[in-house]
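A closer look at the structure
Below are the chains, spelled out letter by letter.
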Amino acid sequence: TLIPIEAVPKRLIQAFLAAEDRNFYHHPGVDFAGIVRAVLTNVENMGRGRRPVGASTITQQVAKNFLLGNEVSYKRKIREAIIAFRIEKTFTKNQILELYLNEIYLGKGRYGVAAAALGYFNKSLDELTLPEMAYLAALPKAPNNYQIEDHPTEAKERRDWVLSRMEDDGAISEKEMETAQLQPLDITPQLLSENIDARYFAEDIRRDLSSRYGENALYEGGLSVRSTLDPFYQQVAAAALTVGLIRYDHRHGYRGPLQNIAPLQDWKTKLGVIQKPKGSKKWLLAVVLENTAKESRIGFTDGTQGTIPFKNMSWARHYNKKTGWGPFVSKPSDVLKVGDVILVKPTGPRIYALQQIPQVQGGLIVMDPHTGRVLAMQGGYDYDFSEFNRATQAMRQPGSSFKPFVYVTALNNGFTPSNLILDGPVEFSMGQGQGMWKPENYQKDFLGLIPLRRGMELSRNTMTVRLADYIGMKKVSATAKNFGVFDNLPPYLAMALGAGETTLMRMVTGYAQFVNGGKRITPTLIDRIQDRHGATIYKHDTRNCTDCGPRVAWEKQNVPNTPDNREQMNDPRTSYQIVSLLEGVARPPA
């Protein structure tokens, strides 16, 4: 993040000068007195296996960071000095300092003081305290050796040393130094994911940036990326998918405990060595200590105990893929045995509910249908359990959710929602020697002649296939390609019932183009990308607006008129009709 030197707090500059180059404003690029000190130190350390120390000024560090590298050799130091002299003749001291403060590596993948202030303290530069400024100035010498989490003692000692150097230089008073040195050294990491879990979303953005600009630009290019994520929608989406998958999994039976540690002697120690499985979220690991008629008593690694009422495990009927369903459960001992190690979720004071990690997975996307901006995305039950993104990477059969594309094809070819279509038995030849295909309705019944609208609302298979056969599957395939759902859908009638494979992202985009009146949209997780200098190198909204922008002052003028130049890829009249039909799917009949 590029910060002009005028925006850098004076004390932060003084801290870096005290730590790195206290004669910066007086030397010509090379500090000869510093070189003599470094030579004497290196002679003293000779034979001890220590890395030679340098006497690099800030100007020399700029030369090294931009043009040379980290090779430890006197030849490199000579080149560094020559370039430093040339830099001093070309740039002012403040320009050199600006380059340095914006490029210096400060650990944890953070380049420049602005990025480091956000990363370590979640603050902008003008919000930093004196001890925090001193800590940032302590990092350039060896960023990895002064990380607070890994080396707290060394980090504080180095920070306090910077404060003492500032006091020696007269930048702060002795009292300010002593007060700052008494302050604890704590970090407050930038709030990236404390409030929301959007790792599927972030990983998709990472892949996109990597493919656009390469790994080096992604991790070291100083890119600033504004995503389309809405934190509220993301929280709701993640919670909804999680609850839905757990409920679905519960309806398919209980698969048993993680393990059994009976007999219970020293059960706390036995339980303590068992690792929670990935995907267990905030659930707790517990062991069953006793079963009664109405509840199970459980224990935790810290020695505390609680209970699981039978109602909180009544869903746990056993199921075996080979033998099918076991008997209905009527008491806790039908579900749990003493010594079973299980996962539980708190539901009240010392009251818990039995849980298990779902085997089923899913994906969910929330999109603004008028812009293609993805507001929320969850690619699975739990990112720790599986990083595979089912919202964008999984190729799955859309099933009946593909039917609207059959019906919009019919509407585009002369049908109306009130046309009567036969919902009755139908069969088609599969080809020579392949027999006949007889599609059926889910309900195993037929309704006869019914309006096209009613057939779609009830998702009637035989009616949909009959309609697709009448208008021709080649037209349906063309519609699917036009809406971006499939690239080349085979023109087979089974495809009308969603037998092809596509992604959730493509299906959501197709539906969005119904809602926005048939305008083509491009789904995106990124609104804008800026380079390290603040220049916009990508933006999703490509509309040309002559009356808006950073140089246009707001003086209560009219809202800018931005033309919508997107392709009209479907008739807006049939787009309106298909939305009306889809509303009928969700709403009960009047």
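To start, this report covers the structure provided alongside it.

Some words on the sheet that holds strand β16 (residues 526–530)
Across the sheet, three strands lie side by side as β1-β16-β17; this open sheet has antiparallel pairing. Two strands bound the open sheet, and with one partner strand each, they are β1 (224–227) and β17 (536–539). With strand direction ignored, the average angle separating the axes of adjacent strands in the sheet is 10 degrees. Bridge count for β1 against β16 is four bridges, and the pairing is antiparallel. Note that in β16 the partner of serine 227 across the bridge is isoleucine 526. On top of the sheet, helix α10 (residues 199–220) reaches β1, β16 and β17; it is set at about 50 degrees to β16, its chief contact.

Brief notes about the nonpolar core
Phe16, Leu97, Leu101, Tyr135, Leu136 and Met166 are the most contacted members of the largest nonpolar core, which totals 50 residues. Residue assignment for this core shows that the elements contributing at least two residues are α1 (10–20), α3 (58–67), α4 (74–90), α5 (93–103), α6 (113–121), α7 (130–138), α8 (152–168) and α9 (174–182). In terms of nonpolar packing, the next biggest core, distinct from the first, is built from 35 residues, Phe428, Val476, Ala480 and Phe486 among them.

Section: the packing of α8 against α9
For the pair α8 and α9, the least separation of the axes is 9 Å and the interaxial angle reads 170 degrees. Considered as vectors, α8 and α9 are oriented roughly antiparallel to each other. Contact residues: Lys156, Arg159, Asp160, Leu163, Ser164 and Glu167 in α8; Glu174, Met177, Ala180 and Gln181 in α9. Along the lines of polarity and charge, the residues of the contact of α8 with α9 split into three nonpolar, two polar and five charged.

Remarks on the environment of arginine 587
Tracing the backbone through its elements, the reader meets arginine 587 in the segment after α18 (572–586). Take arginine 587: its relative accessible area is 56%, and that puts it in the exposed class. Separated by 586 residues in sequence, arginine 587 and threonine 1 place their C-alpha atoms 50 Å apart.

Remarks on a nonpolar patch on the surface
A cluster of nonpolar side chains, Phe232, Tyr233 and Val236, forms an exposed patch at the surface whose accessible area comes to about 300 Å². Within the secondary structure layout, valine 236 lies in helix α11 (residues 231–250).

Brief notes about the environment of valine 360
With respect to the secondary-structure elements, valine 360 resides in the loop between β9 (351–355) and β10 (364–367). Residues valine 360 and tyrosine 381 lie 21 residues apart in sequence; the distance between their C-alpha atoms is 8.2 Å. If near-sequence neighbours (up to four positions away) are discounted, valine 360 is found in contact with Leu245 and Tyr248.

A closer look at the packing of α1 against α5
The contact between α1 and α5 brings their axes to 12 Å, and the two run at 90 degrees. Between α1 and α5, the angle is such that the two are roughly perpendicular. Taking contact as the criterion, the partners of Ile13, Phe16, Leu17 and Glu20 in α1 are, on α5, Leu97, Tyr100 and Leu101. A breakdown of the residues in the contact of α1 with α5 according to their chemical character gives six nonpolar, no polar and one charged.

Section: the packing of aromatic side chains
Taken as a whole, this structure holds 20 aromatic pairs when the rule is applied. Taking the centre distance of 5.8 Å and the plane angle of 80 degrees together, the rings of phenylalanine 405 and tyrosine 511 count as edge-to-face. Of this pair, phenylalanine 405 sits in helix α13 (residues 403–412) while tyrosine 511 sits in helix α17 (residues 504–515), and the two are 106 residues apart along the sequence. Residue classification places tyrosine 511 among the partly exposed residues on the basis of a relative accessible area of 27%. Look at phenylalanine 428 and tryptophan 437: their rings are 6.2 Å apart centre to centre, the planes differ by 35 degrees, and that puts the pair in the tilted class. Using a relative accessible area of 15% as the deciding quantity, one classes phenylalanine 428 as buried. With relative accessibility at 22%, the residue tryptophan 437 sits in the partly exposed group. Sitting above the plane of the tyrosine 120 ring, arginine 110 keeps its charged end 4.6 Å from the centroid. Over the ring of tyrosine 381 we find lysine 281; its NZ or CZ atom is 4.7 Å from the centre of that ring.

Here's the deal with the pattern of salt bridges
Pairs can form between side chains of opposite charge once their charged atoms are near each other. All chains considered together, the criterion is met by 30 salt bridges. Taking the shortest distance from any N to any O, the salt bridge between glutamate 88 and lysine 93 comes out at 2.9 Å. Given the relative accessible area of 17%, lysine 93 is considered buried.

What counts and what doesn't
Residues numbered from 1 in each chain as written. Predicted model: local features only at pLDDT ≥ 70, side-chain atom pairs only at ≥ 80, totals over all residues. Heavy atoms only, no water. Pairing = 2+ DSSP bridges. Helix = DSSP H or I, 4+ residues; strand = E, 2+ residues; numbered from the N terminus. Axes fitted to C-alpha atoms, helices over the stretch in contact; angles between N-to-C directions. Contact = heavy atoms within 4.5 Å. Core = buried A, V, L, I, M, F, W, Y, C linked by side-chain atoms within 4.5 Å. Buried < 20%, exposed > 50% of the residue type's maximum accessible area, 1.4 Å probe, protein only. Parallel < 35°, antiparallel > 145°, perpendicular 65-115°, else oblique. Nonpolar A, V, L, I, M, F, W, Y, C, P; charged D, E, K, R; others polar. Patch = residues over 30% accessible without salt bridge, like charges linked within 9 Å, V, L, I, M, F, W, Y side chains within 5 Å. Areas by Shrake-Rupley, 256 points an atom, 1.4 Å probe, with all protein chains shown as cover. Salt bridge = Lys/Arg side-chain N within 4 Å of Asp/Glu carboxyl O. Phe/Tyr/Trp six-rings, centres within 6.5 Å; stacked < 30°, edge-to-face > 60°. Lys NZ or Arg CZ within 6 Å of the ring centre and 35° of its normal.

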